[in-house]
Amino acid sequence: MLEELFNLVKSVAGDSVINNADVPNEKNNEVVAEATNTVASGLRNIVAGGGLQNLVSLLKGSNNNQANSSNNGLMSNPIVNMMVGHLAGKLMSKYNLGSTQANSVSSSLIPNIIGSLVHKTNDPNNSTFSLENLLNSITGGKAAEVASQHAAPGGGGLSDLLGSIAGGSDGGGLMDIVSKLAGGALEQQQKNEGGGLMDLIKGFIK
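What counts, and at which threshold
- Residues numbered from 1 in each chain as written.
- Predicted model: local features only at pLDDT ≥ 70, side-chain atom pairs only at ≥ 80, totals over all residues.
- Heavy atoms only, no water.
- Axes fitted to C-alpha atoms, helices over the stretch in contact; angles between N-to-C directions.
- Helix = DSSP H or I, 4+ residues; strand = E, 2+ residues; numbered from the N terminus.
- Parallel < 35°, antiparallel > 145°, perpendicular 65-115°, else oblique.
- Left-handed = near helix turned anticlockwise from the far one by under 90°.
- Contact = heavy atoms within 4.5 Å.
- Nonpolar A, V, L, I, M, F, W, Y, C, P; charged D, E, K, R; others polar.
- Buried < 20%, exposed > 50% of the residue type's maximum accessible area, 1.4 Å probe, protein only.
- pLDDT = per-residue confidence, 0-100.
- Core = buried A, V, L, I, M, F, W, Y, C linked by side-chain atoms within 4.5 Å.
- Polar contact = N/O pair within 3.5 Å; in protein donor to acceptor, adjacent residues only side chain to side chain.
- Arc of directions from axis to C-beta.
- Salt bridge = Lys/Arg side-chain N within 4 Å of Asp/Glu carboxyl O.

**Q** Even after reading the chapter, I still don't get the packing of helix α1 (residues 2–11) against helix α3 (residues 28–48), so can you show me in this structure?
**A** A pair of packed helices is characterised by two quantities: the angle between their axes and the separation of those axes. At their nearest, the axes of α1 and α3 sit 9 Å apart, and the two run at 125° to each other. Taken together, the axes of α1 and α3 lie oblique to each other. Crossing handedness for the pair α1 and α3: right-handed. Here L2, L5, F6, V9 and K10 of α1 lie close against α3, whose contacting residues are N29, V32, A33, A35, T36, V39 and A40. Split by residue class, the contact of α1 with α3 holds nine nonpolar, two polar and one charged.

See the structure below:
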């Protein structure tokens, strides 16, 4: 999933990074990797902090119309805003971009990434970026365990439960699901401390 996310970021990075005179050409892939790391770490940290409902709402639930409408709509989402600020800080500290340039790149790139991720997550013909697969990657396989534990006869399972989370329902053991997925995300967070995730992502640069 991480490599697919890197390729997604690269596919939407044209105007923001690749064709941007403020980003030196030799740094293009590194900036794409940094943006991938920002999004992957950000999503994982949200789940680890117990914010599964907020993440599901962004990717699948109540914010779908807003998320698909415009980058301006996405910029009002606190998750997206947090990622924009994080990436801008990295662009200034690691790649010596000025504040205006870093914020411009980040404010354009991150909403494009999330908008594309929302679109792919809700595309029934794109199983790679299904919400279940995304959460499975973030939680080190815990989402698959939860899906199997909560699968109901005749279908449903995790997808329906996640829909309930997005709708604000508190039934069906949702708090237990939130807790289990948070634990899995926290384990991944600890495992990748010290730049491990960024090293993995840089391995996708060709």
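**Q** Would you mind going over the environment of H119 with me for this structure?
**A** Position of H119 relative to the elements: it lies in helix α8 (residues 99–121). When its relative accessible area of 52% is taken as the criterion, H119 is described as exposed. Along the chain, H119 and L59 lie 60 residues apart, while their C-alpha atoms are 8.4 Å from each other.

**Q** Can you walk me through the confidence of the model for the protein in this structure?
**A** Low pLDDT means the predicted atomic positions in that stretch should not be read closely. Mean pLDDT over the protein stands at 84; residues scoring 70 or higher make up 82%. Within the model, pLDDT remains below 50 along residues 61–69, and this stretch shows 19 contacts once partners closer than five positions in the same chain are excluded.

**Q** Where do I start with the nonpolar core in this structure?
**A** Inside soluble globular proteins, nonpolar side chains tend to come together where they are buried. Ranked by size, the top nonpolar core spans 57 residues in total, and within it I110, I114 and L135 carry the most contacts. Among the elements that line this core, the one with the most residues is α3, at ten residues.

**Q** What is the right way to read unusual backbone geometry from this model?
**A** One non-glycine residue, N96, lies in the positive phi region at around 60°. By relative accessible area, N96 is classed as exposed at 69%.

**Q** What's the story with the side chain of T36 in this structure? I'm lost.
**A** Residue placement: T36 occurs in helix α3. Engagement of the side chain of T36 in a polar contact is seen with the backbone oxygen of V32, the distance being 2.8 Å. If we ignore the near neighbours within four places in the chain, the residues touching T36 are L2, L5, F6, V9 and I201.

**Q** Where do I start with helix α9 (residues 131–138) in this structure?
**A** Where α9 is concerned, the buried positions are L131, L134, L135 and I138. Seen from one end, α9 has its buried residues packed into an arc of 95°, which puts them on one side. Remark: G140 follows α9 within two positions and exhibits a positive phi of approximately 65°.

**Q** It is not clear to me how the pattern of salt bridges should be interpreted in this structure. Could you clarify?
**A** Two side chains that carry opposite charge are able to pair once their charged atoms sit near each other. One pass over the structure, following the stated rule, counts four salt bridges. A salt bridge links E145 to K142; the nearest nitrogen and oxygen atoms lie 3.9 Å apart. Note that E145 and K142 are positioned in helix α10 (residues 142–150) at a spacing of three residues, about one turn of the helix. The class for E145 is partly exposed, based on a relative accessible area of 41%. Of the residues examined, K142 reaches a relative accessible area of 24% and is grouped as partly exposed. The closest approach of N and O atoms between D176 and K180, which form a salt bridge, is 3.3 Å. In this pair, D176 and K180 both sit in helix α12 (residues 174–191), four residues apart, roughly one turn of the helix.

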